[in-house]
Every structure is written in C-alpha cells, then in structure tokens.
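The residues making up each chain are set out below.
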Amino acid sequence: MSTALLAVIAVILCVLFRILNVNSQPLKPSVYCKDLNFLDTILKIAPVLQEPYIPTRLWGFSGHVQTIVHSIVGRVKCPWPLGERVYLTLKDGATLTYDLYQPLDTSLSRDAEDDFTLAICPGIGNTSESVYIRTFVHYAQCHGYRCAVLNHVGALSSVRVTSPRIFTYGHTGDYMEMITNIVERHPSTKIVAIGFSLGGNLVTKYMGETKMQKPANVIAGISVCQGYSATEGTRYLLNWQNFRRFYLYVMTENMKSIILKHRHILLSEDTKQRYGLVEADIVAAATLPELDEAYTRRVHNFSSVSEMYAWSSCIHYLNGITIPMVFINSKDDPIVPEPLLEPIRRHSASNDKSLYLELGHGGHLGFYEGGLMYPNPVTWLDRSLVALVGGLAYVHANNSKPAPTPPPLPSVESVSSVASFTSDKRIGHHSRTLVSQM
C-alpha cells in the first residue's frame, strides 16, 4: 500500500473522528433551578436526571448524526400503539384531530388519584404517526399514562383540510381545543403538557398566555428541544455555519409540501384573492422566512414576518407561567444553537417551579443511548420524560396536601397548670431544639 493512500486513509479517519466526536465522554445534565425544594422533589422520583447520559459510543457524540438518524430512522424498535382518533370541527371551519391512547398497565388503579393524561404536541409537521411520537406514547402507556397526541392541521395525509389554513409556529388555539376536549371526556384527569421542538414552543406559550383560560386539570408542562425565539432562531438558521442552512432547507420543503398537498383548499382562487397570495412565490420560496412572507403571515393577518415571529416566540410569555415547567435542550443541537439557550438558563435560575436540563449531547430530539453501533430501543429522552412526569405528579401531590389543622389554643387555666409543672431544665431543652432546627 502506497504512502499516499495511507495518508488519505489517515486524513479520512481523522475527519471522521472529528465529526463523530469519538473522544468525548458521557456527561451529567447541567441543572438550572432556583427552587431547590422543587428540584429535590423531582429527583426523588427521577434519579435518572442525576446520572451521566451515555450516547451510543461510535456516533452518539455527534449532534448531526443523532439528528439525522432521528429524522430518517426515528427509533430502533418502534411499536404502533392502538388508539382512538378524535375529530373536532372548529369555529373557523378547520378540522382538528388528535389521537387518544389509553394506558396499557392495567395493574394500576384508575381512580382520580392515579388518572394522568400526557397532552403531547409534536414537532413541525409531525403527528401521532411520527416514529418518535409512537415510541414515546407506547413507553408512557406501559407506565400507566393515558396519552393524547395533537395532529397538526394539514400534516396528516388522511385528514382533509377544510379551511384555508394549516398549523403555525405560535397559534396555540388548536392545542387548547385538544386540552378542552380531554377535560370534557375525563373531568378528573390531571394533565401534563409535553411539547417536542415546535411543540415545545406551543406548549410553553400556551402555559404563559395570561389571556387564555386554562383548566385546573393542567398541572405541569415539559418542553423538549425548542429554540424559544423564532426571531433569533431564524437568524441563526439562515447561516451556513454548522450546516444550519441545510436543515432550514429541509424544514422549508416539508412546509411547502404540506401547503401544496392541500392546494385545492389552501390555494384556491377565492383564498388567493382574499389574502393576496401568489402561488408562484410560495413554490419558489427557498427559506422559511420567504415562505412565511409569501403565505403564512398573510393568511394569519400579520403585517410582517418579523411581527409574526415575535408574537409566536414563547420567550415573551415565560413570565406568565404559573405552574411547574421543565425545559430540556442539548448543547450540540444543530438546529438550536447554544446562544438561544441563555434566556431559559436565566429564567430557570431566577424563577420558582422552573427546571432547565441541558445535556452536552443528544442532537435534536435524538438522545440515543447505549451500545457501540446499535443503540438501546428506548432512548434517554423517553426514559427521562416518563420519570419527569412521575416527579411532577409527586410535586403536585405534595402541593395539594391540605395544611395540617393547628391544635386548639389552650385555655388560660390549662396554661397555668402546665406552667406550674414545667421545670427550668425542660424549658431549656425546648429552646435548644428550636435553635438546632433553625
């Protein structure tokens, strides 16, 4: 073998080792939380959050590979949970669907104390049929949880679009309709809202919208791999650094395919005249901002894309959240660069009932773990989310306990009687006990 060929092989191996980050080591999640009592309560039920996350050895330390494997393969072993599809007709004429899955673990009692529903909002253009959603739903069902999965309007090929609009980045109305219907069906259930990527933004915004009435059944929320600010996130995605422009292209094409798939409604002559749409501009859009300028902001009556992005971003609604929230991101997510994570670090470090977990690896919704080449069937994310739901349920149970009834105040006669039999030594003992507790 020639020296030149050996040199080429060596360079290729070096590049592969560099891309795959093979020299990286497993790390524990970084935790940002002001409320230490809140954190301790969750960790009692979810000790997995204190353990190192161990990605698949050969390729799991690369955020790009994790993200690509998640996008193409989904999960290693994906069941197909059986559920009921619920159809709702909204006031604007839209047909909204969500899939409802009952728990599989029948050993758990189904009384009001143990009735929990996970209200799941998938990522951009995803549905209950997406592989990572199916895997998580099945895993949650096996642990005794009911699951409801929102199908973004327009994303399911089998469900016709019946109004001139599809889902957007910031409209939480569809998610609210699902929550309302769940409560009507199961009035005593306790709901934990879970959002992935775009769904994380919608869930967080829904939690923080002060003008939107939320049922008391909603006890907590979890956001996974979102970017918090559509304005800043788009600015980063428009750069080629870390191949972000490539991911933006894929997302743009997916959104265009949804619009064009339902063009008979979304791009009818009446709709185009009403909103000033030009079909050629929509087809020619190469980025999400171009597509949103040509279609989305017009249909939803925004004067500019910038206005729509600002309104859609959950970062402006964080201070309105009043119930426990957990946020999860990875530092090597190629779609959500690290500078976008600083606001949620500050928020969780300065607000009660807020917890932010930041992992060194995992990519965008990947979080594969274990093995050399072939990962475990259940990801770190699936395990941790179910554990977090248990922790949040424990927090809610502790907060719901009635305060102990104080004993009645003794009468003057009884105080005098007790005082006459109390020695100085005993009084000193009580004083020392109070000091040690303080």
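Here the structure is a predicted model, which is why all the values come from computation and not from measurement. (Residues numbered from 1 in each chain as written. Predicted model: local features only at pLDDT ≥ 70, side-chain atom pairs only at ≥ 80, totals over all residues. Heavy atoms only, no water.)

**Topic: the packing of helix α8 (residues 244-261) against helix α12 (residues 288-299)**
What counts is decided by this rule: To get an axis, a line is fitted to the C-alpha atoms, and for a helix only the part in contact is used. The angle between two axes follows their N-to-C directions and goes from 0 to 180 degrees. The numbering of helices and of strands both runs from the N terminus, where a helix is a DSSP run of H or I of at least 4 residues and a strand a run of E of at least 2. Throughout this description, any angle smaller than 35 degrees is read as roughly parallel, any larger than 145 degrees as roughly antiparallel, any in the 65 to 115 degree range as roughly perpendicular, and the remainder as oblique. For this analysis, residues touch if any pair of their heavy atoms sits within 4.5 Å. Here the nonpolar group is Ala, Val, Leu, Ile, Met, Phe, Trp, Tyr, Cys and Pro; Asp, Glu, Lys and Arg are the charged ones; every other residue, Gly included, is treated as polar.
Where α8 meets α12, the axes come as close as 9 Å, and the angle between the chain directions of the two elements is 25°. Between α8 and α12, the angle is such that the two are roughly parallel. Across from Leu248, Met251, Thr252, Met255, Lys256 and Ile259 in α8, the residues of α12 making contact are Leu288, Leu291 and Tyr295. Partitioned by chemical class, the residues of the contact of α8 with α12 number 7 nonpolar, 1 polar and 1 charged.

**Quick notes on a nonpolar patch on the surface**
For clarity, the cut-off: Each patch is built from salt-bridge-free residues with over 30% relative accessible area, joining like charges within 9 Å and nonpolar side chains (Val, Leu, Ile, Met, Phe, Trp, Tyr) within 5 Å. What sets the accessible areas is the Shrake-Rupley method with a 1.4 Å probe; for residues, cover comes only from the shown protein chains. Whenever a carboxyl oxygen of Asp or Glu lies within 4 Å of a side-chain nitrogen of Lys or Arg, that contact is scored as a salt bridge. Exposure classes here rest on a 1.4 Å probe applied to the protein chains alone. A residue is buried below 20% of its type maximum, exposed above 50%, and partly exposed in between.
Taken together, the side chains of Trp240, Phe243, Phe246, Tyr249 and Val250 present a nonpolar region at the surface, about 580 Å² in accessible area. Tracing the backbone shows tyrosine 249 in helix α8. Since its relative accessible area comes to 45%, tyrosine 249 is described here as partly exposed.

**As for the pattern of salt bridges**
On inspection of all chains with the given rule, the structure shows 23 salt bridges. Between aspartate 115 and arginine 146 there is a salt bridge whose closest N-O contact spans 2.7 Å. On the criterion of sequence distance, the pair formed by aspartate 115 in the loop between β3 (95-101) and β4 (116-121) and arginine 146 in strand β5 (residues 146-151) is long-range, its members being 31 residues apart. Exposure remark for aspartate 115: the relative accessible area of 7% places this residue in the buried category. Overall, the relative accessible area of 5% leaves arginine 146 in the buried class. For glutamate 209, the salt bridge identified is with lysine 205, shortest N-O distance 2.6 Å. Here the two residues glutamate 209 and lysine 205 agree in accessibility, since each one is buried.

**Describing the pairing of β4**
Threshold: Pairs of strands are assigned from DSSP output, requiring at least two bridges between the strands. With the strands pointing away from the viewer, any crossover whose connection runs clockwise from the first strand over the helix to the second is right-handed.
β4 sits mainly inside the fold: 6 of its 6 residues count as buried. Of the two faces of β4, the one carrying Phe116, Leu118 and Ile120 and the one carrying Thr117, Ala119 and Cys121 are both buried. Pairing of β4 with strand β6 (residues 190-196), which is carried by 6 bridges, proceeds in the parallel orientation. Across the sheet, leucine 118 pairs through a bridge with valine 192, a residue of β6. With 4 bridges joining them, β4 and β5 adopt parallel strand pairing. Paired with threonine 117 across the strands is arginine 146, a residue of β5. Tracing the backbone out of β4, into helix α4 (residues 131-142) and back to the parallel element β5 gives a crossover that is right-handed.

**Considerations on the packing of helix α2 (residues 36-45) against helix α15 (residues 380-400)**
What counts is decided by this rule: Take the far helix as your reference; a near helix turned counterclockwise from it by less than a right angle gives a left-handed crossing, and one turned clockwise gives a right-handed crossing.
Following both chains from N to C, one finds α2 and α15 inclined at 125°, their axes separated by 8 Å at the closest point. Here α2 is positioned oblique relative to α15, judged by the angle of their axes. Taken as a pair, α2 and α15 cross one another with a handedness that is right-handed. Contacts between α2 and α15 involve Phe38, Thr41, Ile42, Lys44 and Ile45 on the former and, on the latter, Ala387, Leu388, Gly390, Gly391, Leu392, Tyr394, Val395 and Asn398. In terms of residue class, the contact of α2 with α15 is built from 8 nonpolar, 4 polar and 1 charged.

**Observations regarding the packing of aromatic side chains**
To keep it simple, the criterion reads: For this analysis, a ring pair means two rings from Phe, Tyr or Trp (six-membered ring only for Trp) whose centres lie within 6.5 Å, classed as stacked if their planes differ by under 30 degrees, edge-to-face if by over 60, and tilted for the remaining angles. Criterion for a charge above a ring: Arg CZ or Lys NZ at most 6 Å from the ring centre, at most 35 degrees from the ring normal.
Per the counting criterion, the structure on display carries 13 aromatic pairs. Centre to centre, the rings of phenylalanine 302 and tryptophan 311 are 5.3 Å apart; their planes meet at 50°, and the pair counts as tilted. An aromatic cluster is built from Tyr53, Phe367 and Trp380, whose rings are joined through pairwise contacts. In this structure, lysine 205 packs its charged tip against the face of tryptophan 311, placed 3.8 Å from the ring centre. The positively charged end of lysine 205 is found above the aromatic ring belonging to tyrosine 317, 4.8 Å away from the centroid.

**Description of the environment of glycine 144**
Tracing the sequence through the fold places glycine 144 in the loop between α4 and β5. Overall, the relative accessible area of 4% leaves glycine 144 in the buried class. Considered as a pair, glycine 144 and aspartate 115 are 29 residues apart in the sequence and their alpha carbons are 8.7 Å apart.

**Quick word on the sheet that holds β3**
Hydrogen bonds along the backbone pair up the strands of a sheet, which may run parallel or antiparallel. Across the sheet, 9 strands lie side by side as β1-β9-β8-β7-β6-β4-β5-β3-β2; this open sheet has mixed pairing. The sheet terminates laterally at β1 (30-32) and β2 (84-89), the two strands that pair on one side only. Sheet twist, expressed as the average angle between the axes of neighbouring strands with direction ignored, equals 20°. Strand direction decides the pairing type here: strand β7 (residues 218-224) and strand β8 (residues 325-330), joined by 4 bridges, are parallel. Within the sheet, the bridge partner assigned to valine 224 lies in β8 and is isoleucine 328. Each of β4, β6, β7, β8 and β9 (354-359) touches α15; the most contacted strand, β7, lies at about 155° to it.

**So, the confidence of the model for the chain**
Applied cut-off: How sure the predictor is of each residue is captured by pLDDT, a score from 0 to 100.
Overall, the predicted model of the chain reaches an average pLDDT of 87, with 84% of residues at or above 70. Here residues 409-438 is a poorly scored stretch, pLDDT under 50, and it has 2 contacts once near neighbours within four places are set aside; other chains count.

**Some words on the side chain of serine 348**
Looking at where serine 348 falls in the secondary structure, it is placed in helix α14 (residues 342-350). Of the residues examined, serine 348 reaches a relative accessible area of 0% and is grouped as buried.

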